[in-house]
Amino acid sequence: MSSSSGGQQGPAARQAAMAEQVLADGTATAAELAERFGVSLMTIHRDLDELERQGIVRKFRGGVTAQPSGVFESNVQYRLKTMRAEKAAVAEHALRMVEPGMAILLDDSTSTLEIARRLRTGEVTPLTVVTNFLEAINLLADQRGIHLMALGGDYDPLHSSFLGVSCVEAVEQLRVDVCFASTSAVHRGYAYHQEQHIVSVKRAMLDAAARNVLLIDHTKLGRVALHRVVPLSRFDLLLVDDGASAEALRDLDEHKVRYEVCATKGSDDRAGAT
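Described below are features of the structure shown in this document. Just so it is clear, the model here is predicted, and its values are computed rather than measured.

Rules used throughout
Residues numbered from 1 in each chain as written. Predicted model: local features only at pLDDT ≥ 70, side-chain atom pairs only at ≥ 80, totals over all residues. Heavy atoms only, no water. Helix = DSSP H or I, 4+ residues; strand = E, 2+ residues; numbered from the N terminus. Buried < 20%, exposed > 50% of the residue type's maximum accessible area, 1.4 Å probe, protein only. Pairing = 2+ DSSP bridges. Axes fitted to C-alpha atoms, helices over the stretch in contact; angles between N-to-C directions. Contact = heavy atoms within 4.5 Å.

### Examining unusual backbone geometry
A cis geometry characterises the amide bond from Thr125 onward to Pro126, with omega recorded as -5°. The residue Pro126 is located in the loop between helix H6 (110–119) and strand E5 (127–131) in this model. Its identity is not glycine, yet Ser160 carries a phi of approximately 55°, on the positive side. Tracing the backbone through its elements, the reader meets Ser160 in the loop between strand E7 (154–156) and strand E8 (161–163). The class of Ser160 is buried, set by a relative accessible area of 3%.

### Regarding the sheet that holds strand E11 (residues 190–193)
The sheet built from three strands is open, its strands ordered E10-E11-E13 with antiparallel pairing. Both edges of this open sheet fall to strand E10 (185–187) and strand E13 (227–231), since each of them pairs with a single strand only. Pairwise comparison of adjacent strand axes, ignoring direction, gives a mean angle of 35° for this sheet. Across four bridges, E11 lies against E13 in antiparallel orientation. Residue pairing for E13: His193 is matched across the bridge by His227. Set on the sheet, helix H9 (residues 196–207) makes contact with E11 and E13; between it and E13 the angle comes to about 10°.

### Observations concerning the side chain of Asn132
Relative to the helices and strands, Asn132 is located in the loop between E5 and helix H7 (134–140). For Asn132, a relative accessible area of 0% gives the class buried.

Written as structure tokens, this is what we have:
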């Protein structure tokens, strides 16, 4: 159904509405967007060029997508909307490992952001939290009982986080009790990510912790991305939601990965092989 107001909107307002639709749906064609917003295909392509420049979407022949691929990570606003129940289940499980007096490190993943949300209850204090994720920094900045350490670096709007050499060097000066991290893909004994500059920060974070815990939703099992991050043996524990298939869990067993399956619907957690 075409929109009579699309052509009357200014470009910025139309692009914001377009971004919201693509982030909600995952993908859209240029023709669909032209009809929805009541403007020409030429105008739509100019709008999509701008949204791609901002890192919100990626163009492909005939349309755009906000979904990740093996080469491109998805925009943080898209990741915030996906697999929310699964990420919440894994974060609840991870929170059991956090004790008062600890120093913990959270990477810039939306999975570890769910841990930050739960720390706002104030039930686990005092606590030192180190992170490069602006979303987590904003959540915890005013939380009593939490000593927040924000890692600096080059701000990356696609990930809403601080990255680069400055961030890596800041991490290298620290030693924390636990690092909670996530990644884009897990396959045959390795964690993968699409972007090299993310990989270097994650590796530094893992080196800075006495214990490392990987948080993933089940859709990441059996997938690959462009860059290997580390072998799964670098993690003391992998947490995944109970949507994981038996085949995917067998692959973890074959590579001797210690994992725990986290219930999303009231079922009991099941521990995997060590």
